[in-house]
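Descriptive analysis of the structure
Read off the chains here:
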Amino acid sequence: MRSWKQEPGSENLLRLKRSAENCYARMIELEAATSAELQSAVDEFLRYPPSPEDSTSFFAVAGELARRRLGLRPFGVQLLAAMNILRGRVVDMATGEGKTLVGFLVAAAYATMGRRVHVLSANDYLAERDAEFGSAFFASFGLSVSAVTQAMPRNSRRDAFRSDVVYATVHQVGFDLLRDRQRTQHDDAIVEGMDVAIVDEIDAVLIDDAMVPLVIAGEADTQAPDAELLDAVRGLQPNVDYEVDADGLAASFTEKGIESLEAALGGLNLYDDDSNDKLTAAHLALHAHALVHRDIDYVVSGDRIELINTTRGRVAQRQRWPDGLQAAVEQKERLPVSPQARVLDQMLVETVVREYTTLTGMSGTAAEAAERIQEDLDLRTGVIPRNRPLRRTDLPDRLFLTRSQRNEAAALHVAEARSLSRPVLVGTGSVRESEEFASVLAGHGISAAVLNAKNDAEEAEIIARSGTAGTATVSTQMAGRGVDIMLDAEASRAGGLLVLGLGRYDSMRLDHQLRGRAGRQGDPGESIFYTSLEDPVVTENLEIGVTPERVSATGLIEDAWFQEVYEHAQRVAEGKALQLHRTTRSYHTVTDRHRALTLRRRDRILYDVPGALDGLLDSIFPDAPGLREQWIQPEKCELLRQVALYQIDHGWADHLEHLASVREGIHLRVLGRQNPLDEFLIIANESLARLESEYLARCAETLGRAHDEARAIEDLGLRRPSSTWTYMVTDNPFGSEADRVAEFIGHLVQGKRPRAVRYV
Ligand code: ADP
């Protein structure tokens, strides 16, 4: 069993053990209480709310109400977890230990204190499920609870956010914050109160997803991609016209490829200054053609592309690539090209989370992220012991030379488990790998349920059934997350669930999440990883110069130290991810600061803070008191406000676009031995200063041409986007920032143009 160790960011949560035991005893006593007695205890808490330091009696009452309303009597360890979370600690509780119920208890405590609580779930399906399941419990405290999901229209979202306890994904909250920042009347806000967040799977949100930008965009002129060019690229030959790097992250045209393209395009010179856009488009088309693969990077669903999140191996809802690449892939699949957007605003998942006054959370793998959680959020993490001892056996990896040997051996293992009626859950790295392995299994006469990472609710159902004796389920890392796998009696007798990982993931934490699927609540179970030297985690991170000496006839590597090599590759992958995380954050910190300044100005106008409009008029018309008087009149004032808001938003979108293009080119400066981030900062701050003066100039220009009849900004020729939409951007479609820098310089040194991928 994992226990507390004095490691950075970690804390001993058993300090509250005695209080939790008292709480449990008190809760059991309350089983004899009448409804009226419990109700008066609740009323008392509403008058004298619990405090983080003294929550024993509250959780005793809440625990008994959970038993009565939900049929679940909290275990002592759940009370211990709830008490610690209320004190601001992040708790590590293994999968299946009942984090949902812990979330209910803590949310009720905060809400009883009069705080507004958001419980951030892993997906919409879980948000809805939990809000519904918990509603009877929350109602006994007189608390309202709602879920906010992607499908909900604006008004329902607004109502839902007014509940005492709100279940939603961090993405939905972020999108609504972005929408709110476009509003032109202050009482139009969707989100009310970014107060307390209880983050489920906090390490996934803060590490795996933290750097995903959430974007709001409005319609812009759609530029149809160049079909002729895309067709020409499609006709090129690999290794003749273009080359793909060994790691599959970069592709470049050969001289011959450029010639073929130029010929196909009617003898154009692609390196002419006038052909700049064409060359960029050609590179994008090449990426779409050679680097982005159907069923690994994306799936086609109806007439749309849906991206696959590679850490999760599942469809990333509402995610898209930067515009040019998105369009090129849509063209490649001969789908309608989605409208191109003007980015109005954007922020990182991490920035959304930082908006909360109080932040806390839980996860089955938080302890491994304790140092990061402390570094990023200044929160301490500790481990809650299991309710029942772990009965899962984690077997050592079986490492093979090749993927096909690995798959073959893994299939035999599945077949053996099945012959014993044992259920098997196979975890893979991608949708395509899931399908490949399912066909290997089919070759052994085993039909498996394959989760295609497309529908959370359907997956939940399949995963829930995967503990039935004799079933085999193949799934990507996160499919069916948060869903309980219950064993039937026969499966239990046969040794419980066997979790078989096919290749390790890019981080050991993700491996552990997969293992955690087996052995819930003291169930028997087993986990094993089948790996190979051809797994992406190895090929993308390490060049192994030697070959193993002792290899069995089936390809099993018997040199023990190769296992260490494999694990080293995984650590390299973790290091790269961390580096990318830090670099991305440094750039975004600059933008975040600028956004905060801009928002402050915007809010002063939006809320009509006394003096805000006068100040603006003073700056615009310093020498014309008459004009000032005219604009400050009540009948003109609203138009003035709307002009100011429009110009702030317009300028901000320009600023973001400028920063994106600066970031794209910034690595050139590495050649001049300047620190790219310092350079970025200088340019960004200059741009911010320009934003200020342009704002005033644009306001002056618009107001200067206002006529007496003008009542709305449309009368002055200004128009806000008539529709907006939100999405996530995959920030690093082709590897880490460091890879790109290296490649960028490589291209320059070879006298070639760098490829131009816009990353936001
Ligand atoms: P986690 O999110 O930690 O993996 P869940 O919240 O999904 O775990 O709970 C796992 C299972 O345990 C669910 O079926 C839940 O109903 C059950 N459970 C949780 N707490 C209790 C309890 N105190 N008593 C009985 N069953 C519980």
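Below you will find a few notes about this structure. No experiment lies behind these values; they were computed from the predicted model shown.

Overview of the overall build of the chain
- On a plain count of helices and strands, the chain comes out with 28 helices and 23 strands.
- Burial analysis of the chain (760 residues in total) assigns 54% to the buried set.
- Sequence separation of 24 or more characterises 76% of the internal contacts of the chain that already satisfy a separation of 6 or more.
- Carbon together with sulfur atoms contributes 49% to the accessible area of the chain, which is approximately 31,700 Å² in total.

Here's the deal with the side chain of Ser434
- Assignment of secondary structure puts Ser434 in helix H17 (residues 431-443).
- Polar side-chain contacts of Ser434 include one of 2.7 Å to the side chain of Thr428.
- With residues near it in sequence (within four places) discarded, Ser434 still touches Thr428, Val450, Val474, Ser475 and Thr476.

Looking at helix H2 (residues 35-47)
- The first and last C-alpha atoms of H2 sit 19 Å apart over 13 residues, in line with the 18 Å expected at 1.5 Å per residue.
- Those residues of H2 lying buried are Leu38, Val42 and Phe45. Buried residues in H2, looked at end-on, bunch into an arc of 55°, giving them a common side. Exposed and oriented more than 90 degrees from the buried face of H2 are Ala36 and Arg47.

Comments concerning helix H8 (residues 170-180)
- Counting buried residues along H8, 11 of its 11 residues qualify, which places the element largely inside the surrounding structure.
- For H8, the full list of buried residues reads Val170, His171, Gln172, Val173, Gly174, Phe175, Asp176, Leu177, Leu178, Arg179 and Asp180.

Comments concerning the pairing of strand S20 (residues 472-476)
- Counting buried positions along S20 yields 5 of 5 residues, so the element is predominantly enclosed.
- Residues Ala472, Val474 and Thr476 line one face of S20 and the alternating positions Thr473 and Ser475 line the opposite face, and both faces are buried.
- For strand S18 (residues 424-428) and S20, the ladder comprises 5 bridges, and the chain directions are parallel. Looking at S20, one finds that Leu425 is bridged to Thr473.

Considering the site of the ligand
- In the vicinity of the ligand lie 16 residues, with Arg73, Gln78, Gly96, Thr100 and Asp484 positioned nearest.
- Residue Thr100 places a side-chain N or O atom 2.6 Å away from an oxygen atom belonging to the ligand.
- Between an oxygen atom of the ligand and a side-chain N or O atom of Asp484, the distance comes to 2.5 Å.
- Starting from 560 Å² of accessible surface for the ligand in isolation, the protein chains cover 78%.
- Per element, the largest residue contribution to the shell around the ligand is 3 residues, and it comes from helix H5 (residues 99-112).

What about the sheet that holds strand S3 (residues 145-148)?
- Read from one edge of the open sheet, 7 strands run S3-S4-S2-S5-S14-S1-S15, paired in parallel fashion. Among the strands making up the open sheet, the edge pair consists of S3 and strand S15 (381-383). Taken pair by pair, the neighbouring strands of this sheet meet at an average axis angle of 20°, ignoring direction.
- Two elements, strand S1 (residues 90-92) and S15, share 3 bridges in a ladder whose sense is parallel.

Describing the packing of H5 against helix H6 (residues 124-139)
- Relative to each other, H5 and H6 sit at 50°, their axes nearing to 11 Å. Here H6 runs oblique to H5, going by the angle between their axes. Between H5 and H6 lies a crossing of right-handed hand. Of the residues in H6, those touching H5 at Thr100, Phe104, Leu105, Ala107 and Ala108 are Arg129, Asp130, Phe133, Gly134, Phe137 and Phe138.
- Within the contact of H5 with H6, the residues separate by chemical class into 7 nonpolar, 2 polar and 2 charged.

What to know about the nonpolar core
- In terms of nonpolar packing, the biggest core is built from 54 residues, with Phe59, Phe137, Phe138 and Tyr167 touching the most fellow members.
- For this core, the element with the highest residue contribution is H5, accounting for 10 residues.
- Excluding its chain neighbours within four sequence positions, the residues that come into contact with Phe59 are Cys23, Leu79, Ala82, Met83, Leu86, Leu105, Val106 and Ala109.
- Membership of the second largest hydrophobic core comes to 37 residues, among which are Phe175, Leu214, Ile216 and Met728.

What to know about the packing of aromatic side chains
- Scanning the entire structure with this criterion turns up 12 aromatic pairs.
- A ring pair is formed by Phe45 and Phe58, whose centres lie 5.2 Å apart and whose planes are at 75°; its orientation type is edge-to-face. Remark: Phe58 occurs in helix H3 (residues 56-70) and Phe45 occurs in helix H2; sequence separation between them is 13 residues. Across this residue pair, the class does not change: Phe45 and Phe58 are buried.
- In this structure an aromatic cluster arises from ring pairing among Phe45, Phe58, Phe59, Phe104, Phe133, Phe137, Phe138, Phe141 and Tyr167.
- The ring centre of Phe529 lies 5.8 Å from the NZ or CZ of Arg504, which sits over that ring.

Concerning the environment of Leu599
- Within the fold, Leu599 resides in helix H22 (residues 561-606).
- Note: C-alpha distance between Leu599 and Asp649 (50 residues apart in sequence) is 9.5 Å.

As for the packing of helix H1 (residues 17-29) against helix H4 (residues 76-86)
- Viewed as axis vectors pointing N to C, H1 and H4 meet at an angle of 120°, and their least axial separation amounts to 9 Å. Of the possible angle classes, the one that applies to H1 and H4 is oblique. Our pair here, H1 against H4, has a crossing hand that is right-handed. Each of Lys17, Ser19, Ala20, Cys23, Tyr24 and Met27 in H1 lies in contact with H4, whose residues at this interface are Gly76, Leu79, Leu80 and Met83.
- Looking at the contact of H1 with H4, its residues break down into 7 nonpolar, 2 polar and 1 charged.

Points about the pairing of strand S14 (residues 358-363)
- By the criterion of burial, S14 is predominantly enclosed, with 6 of the 6 residues buried.
- Across the two faces of S14 the burial is the same, with Thr358, Thr360 and Met362 and Leu359, Gly361 and Ser363 all buried.
- With 2 bridges connecting them, S1 and S14 associate as parallel partners. Its bridge partner lying in S14, Asp92 is registered against Ser363.

Thresholds, definitions, all that
Residues numbered from 1 in each chain as written. Predicted model: local features only at pLDDT ≥ 70, side-chain atom pairs only at ≥ 80, totals over all residues. Heavy atoms only, no water. Helix = DSSP H or I, 4+ residues; strand = E, 2+ residues; numbered from the N terminus. Buried < 20%, exposed > 50% of the residue type's maximum accessible area, 1.4 Å probe, protein only. Contact = heavy atoms within 4.5 Å. Areas by Shrake-Rupley, 256 points an atom, 1.4 Å probe, with all protein chains shown as cover. Polar contact = N/O pair within 3.5 Å; in protein donor to acceptor, adjacent residues only side chain to side chain. Expected span 1.5 Å × (residues − 1). Arc of directions from axis to C-beta. Pairing = 2+ DSSP bridges. Near = heavy atom within 4 Å. Axes fitted to C-alpha atoms, helices over the stretch in contact; angles between N-to-C directions. Parallel < 35°, antiparallel > 145°, perpendicular 65-115°, else oblique. Left-handed = near helix turned anticlockwise from the far one by under 90°. Nonpolar A, V, L, I, M, F, W, Y, C, P; charged D, E, K, R; others polar. Core = buried A, V, L, I, M, F, W, Y, C linked by side-chain atoms within 4.5 Å. Phe/Tyr/Trp six-rings, centres within 6.5 Å; stacked < 30°, edge-to-face > 60°. Lys NZ or Arg CZ within 6 Å of the ring centre and 35° of its normal.

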